[in-house]
Amino acid sequence: MEFTEAYKQTGPCCFSPDARYLAVAVDYRLVVRDIVSLKVVQLFSCVDKISFLDWAPDSEYILCGLYKRPMVQAWSLSQPDWTCKIDEGPAGIAYARWSPDSRHILTTSEFQLRLTVWSLVNTACVHVQWPKHASRGVSFTKDGKFAAICTRRDCKDYVNLLSCHSWEIMSVFAVDTVDLAGVEWSPDDSAIVVWDSLLEYKILIYSPDGRCLFKYLAYESGLGVKTVAWSPCGQFLAVGSYDQAVRTLNHLTWKTFAEFTHAPSIRNPTNAAIFKEVDDPWQLDMSELCLSEGFSRNMQGNGAENGTEGGSRVKYAVMDAPITLPSQKPATDKPNPKQGIGMLSWSSNSHYFFTRNDNMPNALWIWDICRLELAAVLLQKDPIRAAAWDPNCPRLVFCTESPHLYMWTPSGACCVNIPLPNFRVVDLKWNSDGSCLLLKDRDSFCCAAIVSPLPEEEADQSDDSSDDE
């Protein structure tokens, strides 16, 4: 892999949808860089510190959320002198997002009093009263023609279908939830999935005209749904829950066809490859060398500057089953227990999906949906902070707030050292075309590019460990 130098950031960073630019928040300034050279192409000054960034789908405009004001500012990349400022006054702004046509901004006020659609074309605005959530509860169809917005009134949850052309409400239907948690259109726009709060396991599939196609309750008397994700092909719906299991539904009958459990130990028989991160110290025999004190100090300093933490490296060791995974017992006296499927995401070809069980934060599970079995488990020294699939192939990259980057493909796994001083990856994102990877530290960022893929032809990849690149 090749890495750029580190650049300053104090907030959100995100790639443009057309994969040409990178927007970075530096205090109250919005810095737009070119992806290839990372040179600054535009610099905008907001009236307060930037809390949120969002590119318009056409990559022409950038939205900046200044939630401390609260206020939203939008900028044009092609017209630097153009600007837009949205202020809801006493109602405040809790969240803002773009519409699919890139010419409207949707804002949600504090305390979910109303959702407002602001037009950048004619300055008109449309209000939707009592949205259910600030950042959740809104989903657009893939073709960008319709929006599903969840609202609540008279102690009842509703789904409002709006036209993204006129922003008129096309239909409204009540949903059978106690406390609706989220909504999502299917990738083919033929169905809408709605799920209840964590206090009750309930998955509801609705048609766009409001008919309930299927209701699924896996169990009762326990904490329910935690994560929901459609496969990119639209054929599978994965539901992660607090009982440490993922259940997958098919798009034909909407019934479950597989259940993937996260047991505290992996036993035979299993086809899963188990990779464990271990230390790989430098193997240098210096017993017969005599170094001056100054040269020795210089070598140690260079090791620290290169992010190797005094010369230490890590690698993956391939483990055999049975093996017990480290786990944590969630606190029973605190809300939102760290238990259950907290991370779930599909690969771009819908062949694999990864999960993280929150009471086993150091383990990343990778499942093969075609074989309906566990494909791999990666055991890390530190809790997994973020993970993302390559948009073009089944390559998974993840981080653990360490000076290393971790990668998995069906052919194996490897650890990559980041050659930057004191750089610890806390978050990462892929560019939309898979050409670049954004790595974030606490107060800086860098970009990385994969020069060559992992060798697919090595048949013994699963039997050998992979060192730092």
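For clarity, every value in this text was computed on a predicted model and none was experimentally measured. (Residues numbered from 1 in each chain as written. Predicted model: local features only at pLDDT ≥ 70, side-chain atom pairs only at ≥ 80, totals over all residues. Heavy atoms only, no water.)

A. Up close: the overall build of the chain. Regarding its fold elements, the chain presents 1 helix and 41 strands. Across the chain, contacts joining residues at least 24 apart in sequence account for 46% of those joining residues at least 6 apart. (Helix = DSSP H or I, 4+ residues; strand = E, 2+ residues; numbered from the N terminus. Contact = heavy atoms within 4.5 Å.)

B. Representation of the pairing of strand β36 (residues 396–399) within the structure. Along β36, one buried face is formed by Leu396 and Phe398 and the opposite face, lined by Val397 and Cys399, is buried too. Here 4 bridges tie strand β35 (residues 386–389) to β36, and the two strands are oriented antiparallel to one another. Pairing of Ala386 across the sheet is with Cys399, part of β36. Once β35 ends, the chain turns through 6 residues before running back antiparallel as β36. Alignment of β36 against strand β37 (residues 404–409), held across 3 bridges, turns out to be antiparallel. Looking at β37, one finds that Leu396 is bridged to Trp408. Between β36 and β37, which pair antiparallel and follow one another directly, the connecting turn spans 4 residues, one of which, Glu401, has a positive phi of 55°. (Buried < 20%, exposed > 50% of the residue type's maximum accessible area, 1.4 Å probe, protein only. Pairing = 2+ DSSP bridges.)

C. Representation of the sheet that holds strand β12 (residues 104–108). Spatial strand order, β11-β12-β13-β14: 4 strands in an open sheet with antiparallel pairing. Strand pairing shows two members of the sheet lacking a second neighbour, β11 (95–98) and β14 (125–129), which therefore form its edges. Neighbour to neighbour, the strand axes of the sheet diverge by 20° on average, direction disregarded. (Axes fitted to C-alpha atoms, helices over the stretch in contact; angles between N-to-C directions.)

D. Examining the sheet that holds strand β5 (residues 29–34) more closely. The 4 strands are arranged β3-β4-β5-β6 in an open sheet whose pairing can be described as antiparallel. In this open sheet, the two strands that pair with only one neighbour each are β3 (13–15) and β6 (40–45). For this sheet, the mean angle separating the axes of adjacent strands, direction not counted, is 15°. Examined bridge by bridge, β3 and strand β4 (residues 21–26) share 3 bridges and lie antiparallel to one another. Note that in β4 the partner of Cys14 across the bridge is Ala23.

E. Structural context of unusual backbone geometry. A cis amide bond links Asn268 with the next residue in sequence, Pro269, at an omega value of 0°. Position of Pro269 among the secondary structure elements: in the loop between β27 (265–266) and β28 (273–279). Residue Pro322 is bonded to the preceding Ala321 through a cis peptide linkage, with omega at 5°. Along the polypeptide, Pro322 turns up in the loop between β29 (314–319) and β30 (323–324). One non-glycine residue, Asp27, lies in the positive phi region at around 60°.

F. Highlighting the packing of aromatic side chains. For the structure on display, the rule yields 24 aromatic pairs. A centroid spacing of 5.5 Å and a plane angle of 50° characterise the contact between Phe236 and Phe257, whose relative ring orientation is tilted. Note that Phe236 is positioned in strand β24 (residues 236–241) and Phe257 in strand β26 (residues 256–261), a separation of 21 residues in sequence. Take Phe236: its relative accessible area is 17%, and that puts it in the buried class. With centroids separated by 5.9 Å and ring planes inclined at 15°, the aromatic side chains of Phe236 and Trp346 adopt a geometry described as stacked. Of the two residues, Phe236 sits in strand β24 while Trp346 sits in strand β31 (residues 341–346), which places them 110 residues apart along the sequence. Of the residues examined, Trp346 reaches a relative accessible area of 7% and is grouped as buried. Taken together, the ring pairs connect Phe236, Phe257, Phe260, Trp346, Phe353, Trp365 and Trp367 into an aromatic cluster. (Phe/Tyr/Trp six-rings, centres within 6.5 Å; stacked < 30°, edge-to-face > 60°.)

G. Structural view of the environment of His251. Among the secondary structure elements, His251 is positioned in the loop between β25 (245–250) and β26. Here His251 falls in the partly exposed class, since its relative accessible area comes to 29%. C-alpha of His251 to C-alpha of Ser190: the two residues are 61 residues apart in sequence and 9.8 Å apart in space. Setting aside chain neighbours within four positions, we find His251 in contact with Gly234 and Gln235.

These results come straight from atomic positions and should not be treated as a statement about function.
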